Amino acid sequence: ELKVEQNPLFLSMQEGKNYTIYCNYSTTSDRLYWYRQDPGKSLESLFVLLSNGAVKQEGRLMASLDTKARLSTLHITAAVHDLSATYFCAVDPISGTYKYIFGTGTRLKVLA
Amino acid sequence: DAGVTQSPTHLIKTRGQQVTLRCSPKSGHDTVSWYQQALGQGPQFIFQYYEEEERQRGNFPDRFSGHQFPNYSSELNVNALLLGDSALYLCASSLNMYETQYFGPGTRLLVL
């Protein structure tokens, strides 16, 4: 059974600090997505990672993908309150199903 | 350019009733996927429609059915509602079956 696991599940951090969210998945895949979700809202696309070694950065967020380790990371640099949200990674299995399998989510709270 | 739209935004039903949710994809997109997101969890794939046919299906019972129209819009129908069907239902569209999915605002369904 395909599993996508994120850790930590909950993260409370001070403004200005750095932290990394990890996304591990159990099947072969070369497509991984990161989404942000604010309370009561839909999913906002952050990053699309399409190959091994892919690295993308937007503002204080940087995502990377290691397909051999089946691991993606979302690194937060100098966190600010506005980054408080739930972050999901999603895997698009290579098997050709083209359905996204979402991780458990990481609820991030940045304290002022 | 309008993004993915969904209607209604909120819905309250009672057990045993039937419900229809609607989705209009992003302009130019021909593939629609539906996800169920229970409170505090990641979205779970229900099914995907392309060229008016169901192409992929997740682990959901036959009470969940759908339809795609020639203009690519889609409906999700749920029969014999259960309390456990209470969730946020998200529609996502993509250029084709293989491209990045963009999510709509969701329909929040409450079953009493």
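In this report, we go over the structure that sits alongside the text. In this text, all values refer to a predicted model and were calculated from it rather than measured experimentally.

A count of helices and strands for chain B gives 0 helices and 11 strands. Summarising its shape, the C-alpha atoms of chain B cover approximately 35 × 25 × 25 Å along the three principal directions. Within chain B, the fraction of its 112 residues that count as buried is 50%. Partitioning the contacts of chain B with sequence separation of at least 6, the portion at a separation of at least 24 is 53%. As displayed, chain B offers around 5300 Å² of accessible surface, 48% of which is attributable to carbon and sulfur atoms. Computed over 8 positive and 10 negative side-chain charges, the separation of the two mean positions in chain B equals 12 Å.

All names here are of chain A. If you walk across this open sheet you meet the 5 strands as β1-β3-β8-β7-β6, and the pairing is antiparallel. Two strands bound the open sheet, and with one partner strand each, they are β1 (4-7) and β6 (55-58). Put simply, the sheet's adjacent strands are angled 15° from each other on average, direction ignored. As paired elements, β1 and strand β3 (residues 19-25) share 4 bridges and run antiparallel to each other. Looking across to β3, one finds that E5 is bridged to N24.

Now for the packing of aromatic side chains. Taken as a whole and assessed by the stated rule, the structure comprises 11 aromatic pairs over all chains. Geometrically, the ring pair formed by Y33(A) and Y100(A) is stacked, given 4.4 Å between the ring centres and 20° between the ring planes. Note that Y33(A) is positioned in strand β4 (residues 32-37) and Y100(A) in the loop between β9 (85-91) and β10 (101-102), a separation of 67 residues in sequence. Among the residues examined, Y100(A) registers a relative accessible area of 1% and is labelled buried. Ring geometry for Y35(B) against F103(B): centres 5.4 Å apart, planes inclined by 50°, an arrangement best described as tilted. Here Y35(B) is found in strand β4 (residues 31-37), whereas its partner F103(B) is found in strand β10 (residues 102-103), with 68 residues between them in sequence.

Glancing now at the nonpolar core. Soluble globular proteins tend to pack their nonpolar side chains together in the buried interior. Counting 24 residues, the largest nonpolar core has L32(A), W34(A), L74(A), I76(A), Y87(A) and L108(A) as its most contacted members. Taken together, the elements giving at least two residues each to this core come down to β2 (10-14), β3, β4, β5 (43-49), β7 (61-66), β8 (71-76), β9 and β11 (106-111) of chain A. Take this core: its biggest share by element is 4 residues, from β9(A). In this structure, L11(B), I46(B), L109(B) and V111(B) belong to the second largest nonpolar core, which totals 20 residues.

On to the interface of chain B and chain A. Taken together, the contact between chain B and chain A spans 22 residues of the former and 19 residues of the latter. For the chain B and chain A pair, buried surface summed over both sides reaches about 1500 Å², with 53% attributable to carbon and sulfur atoms. Connecting chain B to chain A are 0 salt bridges. Applying the counting criterion to the chain B and chain A interface returns 5 residue pairs in polar contact (both at pLDDT 80 or more). Counting residues per element, the ones that place at least two in the side of chain B that touches chain A are β4, β5 (44-50), β6 (53-57) and β9 (87-94) of chain B. Across the side of chain B that touches chain A, the residue classes tally to 9 nonpolar, 10 polar and 3 charged.

Right, let's get into the state of the cysteines. Considering all chains together, one arrives at 2 disulfides over all chains under this definition. The disulfide that involves C23(A) links it to C89(A), with 2.0 Å between the sulfurs. Judged by the sign of its S-S torsion, about 80°, the bond between C23(A) and C89(A) is right-handed. Here C23(A), found in strand β3, pairs with C89(A), found in strand β9; they are 66 residues apart in sequence, far enough to count as distant. Note on C89(A): relative accessible area 0%, which makes it buried. The partner cysteine of C23(B) in its disulfide is C91(B), sulfur to sulfur 1.8 Å. Disulfide C23(B) to C91(B): torsion about the S-S bond roughly -55°, handedness left-handed. Here the residue C23(B) occupies a position in strand β3 (residues 19-24), and C91(B) occupies one in strand β9, the gap between them amounting to 68 residues. For C23(B), a relative accessible area of 2% puts it in the buried group. Since its relative accessible area comes to 0%, C91(B) is described here as buried.

Calculation rules
- Here, residues in each chain are numbered from 1, in the same order as that chain's written sequence.
- Written order determines the labels here, with chains lettered from A and ligands numbered from 1.
- In keeping with the predicted nature of the model, local features appear solely for residues at pLDDT of at least 70, side-chain atom pairs appear and are counted solely at 80 or more, and the whole-chain, interface and lining totals rest on all residues.
- Derived side-chain values reflect all non-hydrogen atoms in the structure, with water molecules and hydrogen atoms excluded from consideration.
- For the purposes of this entry, the term helix denotes a DSSP run of H or I that reaches at least four residues, the term strand denotes a run of E that reaches at least two, and both are numbered from the N terminus.
- Buried means the residue's accessible area, taken with a 1.4 Å probe over protein chains only, is under 20% of the maximum for its type, while exposed means over 50%, and partly exposed covers the values in between.
- Working rule for contacts: check all heavy atoms of both residues, and any pair within 4.5 Å makes them a contact.
- The method behind every accessible area is Shrake-Rupley, applied with a 1.4 Å probe, and residues are considered shielded solely by the protein chains displayed.
- We treat Lys and Arg as the positive residues and Asp and Glu as the negative residues; His and chain ends play no part in the count.
- We put the charge of a Lys on NZ, of an Arg on CZ, of an Asp on CG and of a Glu on CD.
- Strand pairing is assigned whenever DSSP detects at least two bridges linking the two strands.
- Under this scheme, a helix contributes an axis fitted over its contacting stretch, all axes are lines through C-alpha atoms, and angles between N-to-C directions fall in the 0 to 180 degree range.
- Aromatic pairing here means that ring centres of Phe, Tyr or Trp (its six-membered ring) are within 6.5 Å. Orientation follows from the plane angle: under 30 degrees is stacked, over 60 is edge-to-face, and everything else is tilted.
- Side-chain atoms within 4.5 Å are what join buried Ala, Val, Leu, Ile, Met, Phe, Trp, Tyr and Cys residues into a set we call a nonpolar core.
- Buried area, as used here, totals the accessible surface that two parts lose on assembly, with accessibility defined by a 1.4 Å probe and the loss added over both.
- The term salt bridge refers to a side-chain nitrogen of Lys or Arg lying within 4 Å of a carboxyl oxygen of Asp or Glu.
- For this analysis, a polar contact is any N or O atom pair within 3.5 Å, provided that within protein one partner can donate a hydrogen and the other can accept it, and provided that sequence-adjacent residues contribute only side-chain to side-chain pairs.
- Under this grouping Gly is polar, as are all residues other than the nonpolar Ala, Val, Leu, Ile, Met, Phe, Trp, Tyr, Cys and Pro and the charged Asp, Glu, Lys and Arg.
- By disulfide we mean two sulfur atoms from cysteines, separated by a distance within 2.5 Å.

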